[in-house]
Amino acid sequence: METRQLLLLVALFHVFSSAILTESQSMIGINYGQFADNLPPASATAQLLQSTTISKLRLYGADAAIIQSLAGTGISLVLGVSNSDIPSLASDPSAAANWAAVNVLPYVPSSSISVVSVGNEALSSGDPSLASSLLPAMQNLRTALSASAAAASVKVSTVHSMAVLAQSDPPSSGAFHPDLAAYLTGVLGFLRDAGSPFMINPYPFFAYRSDPRPETLAFCLFQPNPGRLDAGSKLTYTNMFDAQVDAVRSALDGLGFPEVEIVVAEAGWPYRGDPDEVGTTVENAMAFNGNLVAHLRSMAGTPLMPGRSVETYIFALYDEDLKSGPTSERSFGLYRADQTMNYDAGLIKSSSSISNASPSQASASPGWTQSAETCVPEVTVQARVDGRPMQSGEQCYLPRAVGSPAAVGMGLLFQYVAVMLLLT
């Protein structure tokens, strides 16, 4: 009887730990921009994605080859309607129906399409005509998708830049620009009624660029720092990502839409830049993206939304060599076009499959090599839970992972079942 109980306890622990890990992994996606002339074939990209723990891919269009290559992989897709197509979809329901018929209906349900984003940062694009066209375009596309049983579950949303906020610091003061409030109220009502997310592009990198002090860099890279107290909410923030996301939460709540979920459509850090571009190093890019991945896996959430990670798409999968502007614009990729890594952000599956790893092993901070369950520092300095630097040879530990409400809840359930088994 004791052997049977022990086996049951081991099985339960494996199930619970796997459930926590699976939930956290499902929060991590990546952007696939295509302003490049040297990208690998779609089949090679699908293979690359399957070698990682990435579970979601965001496209800025609707590349048929990529959509087809991910059929049956379990990797879900966000498709994009270009800004230039918004007016036609808004004015002509048949144009929306045609877009759905060409770009969605042939591929579902074999390919998993979760969201279609109508435009990218349309409200801050500088084209005032898009503001009035955005909501009817979204409505017409949603009607077109709902007409098909296979596509009825596909959500319709749109992606915004942080420029839609008039105020974001401190996070509790987050508020949308008054001149956009009328348009956003209509869009948010649509998102609420359809159960679609509010998609936003927060970039701690740009926050650091506007305030390039060492303490700001640490705050932006999830590195040890004194924290910043929000006098309004009395909450303390230890990283810029959480602060930006919670500013968006405050803005949504302030406009009367607390039930609308947030999805981070883009967040990234360039590993290279021009001489006058501060912070554009491999070390900083690796620290930001690696620590962002660890933060999302921890399920710690934000101070305003604790205990659950926000679905986040890292920018970006590949470098895009045809992008204009400073060097940094062409240097956000985790991978080069030949599929070699620019740096390791901690997203590669282990040889024994990450699903078989324990939560602590799977969540070891990137920038550290695990060997015999110890951490060996490579480039970035990671933090212990008490804020002190980790030392070579010290056991890997993910701050706040075991203390998140999700992990605590699972732990309590496991303890309860264990006691019940022992009493039988």
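Scoring rules and cut-offs
- Residues numbered from 1 in each chain as written.
- Predicted model: local features only at pLDDT ≥ 70, side-chain atom pairs only at ≥ 80, totals over all residues.
- Heavy atoms only, no water.
- Helix = DSSP H or I, 4+ residues; strand = E, 2+ residues; numbered from the N terminus.
- Buried < 20%, exposed > 50% of the residue type's maximum accessible area, 1.4 Å probe, protein only.
- Contact = heavy atoms within 4.5 Å.
- Areas by Shrake-Rupley, 256 points an atom, 1.4 Å probe, with all protein chains shown as cover.
- Phe/Tyr/Trp six-rings, centres within 6.5 Å; stacked < 30°, edge-to-face > 60°.
- Lys NZ or Arg CZ within 6 Å of the ring centre and 35° of its normal.
- Expected span 1.5 Å × (residues − 1).
- Bend = angle between axes of the 7 residues up to and from the residue.
- pLDDT = per-residue confidence, 0-100.
- Pairing = 2+ DSSP bridges.
- Axes fitted to C-alpha atoms, helices over the stretch in contact; angles between N-to-C directions.
- Salt bridge = Lys/Arg side-chain N within 4 Å of Asp/Glu carboxyl O.
- Right-handed = clockwise from strand over helix to strand, strands pointing away.
- Polar contact = N/O pair within 3.5 Å; in protein donor to acceptor, adjacent residues only side chain to side chain.
- Core = buried A, V, L, I, M, F, W, Y, C linked by side-chain atoms within 4.5 Å.

Undergrad: Please clarify how the overall build of the protein chain should be interpreted in this entry.
TA: Within the protein chain, the regular secondary structure consists of 13 helices and 14 strands. Across the 424 residues of the protein chain, 50% fall into the buried class. Here the contacts in the protein chain between residues at least 6 apart in sequence split such that 65% fall between residues at least 24 apart. Counting every atom, the protein chain has about 17900 Å² of accessible surface; 57% of that belongs to carbon and sulfur.

Undergrad: I would appreciate a short explanation of the packing of aromatic side chains in the present structure.
TA: Aromatic rings considered in pairs are described by the distance between their centres and by the relative angle of their planes. Per the counting criterion, the structure on display carries 13 aromatic pairs. With a centroid separation of 5.7 Å and 70° between ring planes, the pair formed by Tyr 32 and Tyr 318 is classed as edge-to-face. In this pair, Tyr 32 sits in strand β1 (residues 28-32) while Tyr 318 sits in the loop between β12 (312-314) and α12 (359-362), placing the two residues 286 residues apart along the sequence. Owing to a relative accessible area of 3%, Tyr 32 belongs among the buried residues under this scheme. Here Phe 315 and Phe 332 contribute two aromatic rings whose centre-to-centre distance is 5.3 Å and whose plane-to-plane angle is 70°, an arrangement assigned as edge-to-face. Pair noted here: Phe 315 is in the loop between β12 and α12 and Phe 332 is in the loop between β12 and α12, with a separation of 17 residues, a long-range link. Accessibility expressed as a relative area gives 5% for Phe 315, which makes it buried. Taking the relative accessible area as the measure of exposure, Phe 332 reaches 4% and is therefore buried. In this structure an aromatic cluster arises from ring pairing among Tyr 203, Phe 205, Phe 206, Tyr 208, Phe 222, Phe 241, Trp 269, Phe 288, Phe 315 and Phe 332. The ring of Phe 219 has Arg 228 lying over it, and the distance from NZ or CZ to the ring centre is 4.1 Å.

Undergrad: Honestly, helix α6 (residues 128-146) in this entry has me stumped. Any pointers?
TA: Helical geometry: 3.6 residues make up each α-helical turn, so side chains three or four residues apart lie on a common side. Under the 1.5 Å per step criterion, the end-to-end length of α6 is 29 Å for 19 residues, consistent within 8% with the ideal 27 Å. At Leu 134, α6 is deflected by roughly 40°, the largest bend along its length, and proline Pro 136 occurs up to four residues later in sequence. Turning to α6, its buried residues number three or more, namely Leu 130, Ala 131, Ser 133, Leu 134, Ala 137, Met 138, Asn 140, Leu 141, Arg 142, Ala 144 and Leu 145. Where the residues of α6 are buried, they touch β3 (76-81), α4 (86-91), α5 (93-103), β4 (113-120), β5 (155-161) and α7 (178-194).

Undergrad: Just to check I follow, could you spell out the confidence of the model for the protein chain for this structure?
TA: Detailed reading of the predicted coordinates is not advisable wherever pLDDT is low. In the predicted model, the protein chain carries a mean pLDDT of 84, and the fraction of residues at 70 or more is 77%. Long-range and interchain partners of residues 9-22, a stretch whose pLDDT sits below 50, account for 18 contacts in this model, where long-range means more than four residues apart. Taken together, the stretch residues 352-414 has pLDDT below 50 and engages in 117 contacts with residues farther than four places along the chain or on a different chain.

Undergrad: Can you help me understand the sheet that holds strand β11 (residues 262-267) in this one?
TA: Hydrogen bonds along the backbone pair up the strands of a sheet, which may run parallel or antiparallel. Taken together, eight strands build a closed barrel; the order of strands is β1-β2-β3-β4-β5-β8-β11-β12 and the barrel is parallel. Averaged over all neighbouring strand pairs, the angle between strand axes comes to 25°, with direction disregarded. As paired elements, strand β2 (residues 56-59) and β3 share three bridges and run parallel to each other. Following the sheet pairing, Lys 56 is matched in β3 by Ser 76. Across the sheet, α6 touches β3, β4 and β5, and the angle it forms with β5 is around 155°. Contacts from helix α10 (residues 240-254) reach β8 (198-201), β11 and β12, with the element oriented near 140° to β11.

Undergrad: Would you take a moment to explain the pattern of salt bridges for this structure?
TA: Close approach of charged atoms allows side chains with opposite charge to pair. Inspection of every chain in the model, using the stated rule, returns eight salt bridges. Among the ionic pairs, Lys 56 bridges to Glu 311, the shortest N-O distance being 3.9 Å. A residue pair is termed long-range when its members are at least 10 positions apart, and Lys 56 in strand β2 and Glu 311 in the loop between α11 (282-298) and β12 qualify at 255 residues. For Lys 56, a relative accessible area of 13% gives the class buried.

Undergrad: Just checking my understanding: could you explain the pairing of β1 for this structure?
TA: For a regular strand, the rule is simple: side chains alternate between the two faces of the sheet. Across the five residues that make up β1, a large majority, five, are buried. Along β1, one buried face is formed by Ile 28, Ile 30 and Tyr 32 and the opposite face, lined by Gly 29 and Asn 31, is buried too. Where β1 meets β12, three bridges bridge the pair, whose relative direction is parallel. Each residue of the ladder has a partner; that of Ile 30, found in β12, is Ile 314. Once you follow β1 into helix α2 (residues 42-50) and on to β2, the crossover reads as right-handed.

Undergrad: When you look at the environment of Asn 83 in this model, what are you seeing that I'm missing?
TA: Its location among the elements puts Asn 83 in the loop between β3 and α4. Each C-alpha atom of the pair Asn 83 and Leu 130 lies 7.7 Å from the other, and the pair is 47 residues apart in sequence. Setting aside anything within four residues of it in sequence, one finds Asn 83 in contact with Gly 119, Asn 120, Ala 122, Ser 125 and Leu 130. Of note is the side chain of Asn 83, whose polar atom sits 2.8 Å from the backbone nitrogen of Asn 120.

Undergrad: Explain the nonpolar core here, please?
TA: Inside soluble globular proteins, nonpolar side chains tend to come together where they are buried. If you look at the biggest cluster of nonpolar residues, it comprises 99 residues, and the most contacted ones within it are Leu 57 and Phe 198. Excluding its chain neighbours within four sequence positions, the residues that come into contact with Leu 57 are Ile 30, Tyr 32, Leu 49, Ile 66, Leu 70, Ile 75, Ser 76, Leu 77, Val 78 and Tyr 313. Of all hydrophobic cores here, the second largest spans seven residues; its members include Val 78, Val 115, Val 159 and Ala 265.

Undergrad: Would you mind showing me how to read unusual backbone geometry here?
TA: The phi angle of most residues is negative, glycine excepted, and most peptide bonds adopt the trans form. In this structure, Pro 109 follows Val 108 across a cis peptide bond, with omega equal to 5°. Looking at where Pro 109 falls in the secondary structure, it is placed in the loop between α5 and β4. The peptide bond linking Asp 169 to Pro 170 adopts the cis configuration, its omega dihedral lying at 0°. Inspection of the secondary structure puts Pro 170 in the loop between β6 (165-167) and β7 (175-176). Even without being glycine, Lys 234 reaches a positive phi, approximately 65°. By secondary structure assignment, the location of Lys 234 is in the loop between β9 (228-230) and β10 (235-237). With a phi close to 75°, Gln 339 is a non-glycine residue in the positive phi region. Relative to the helices and strands, Gln 339 is located in the loop between β12 and α12.

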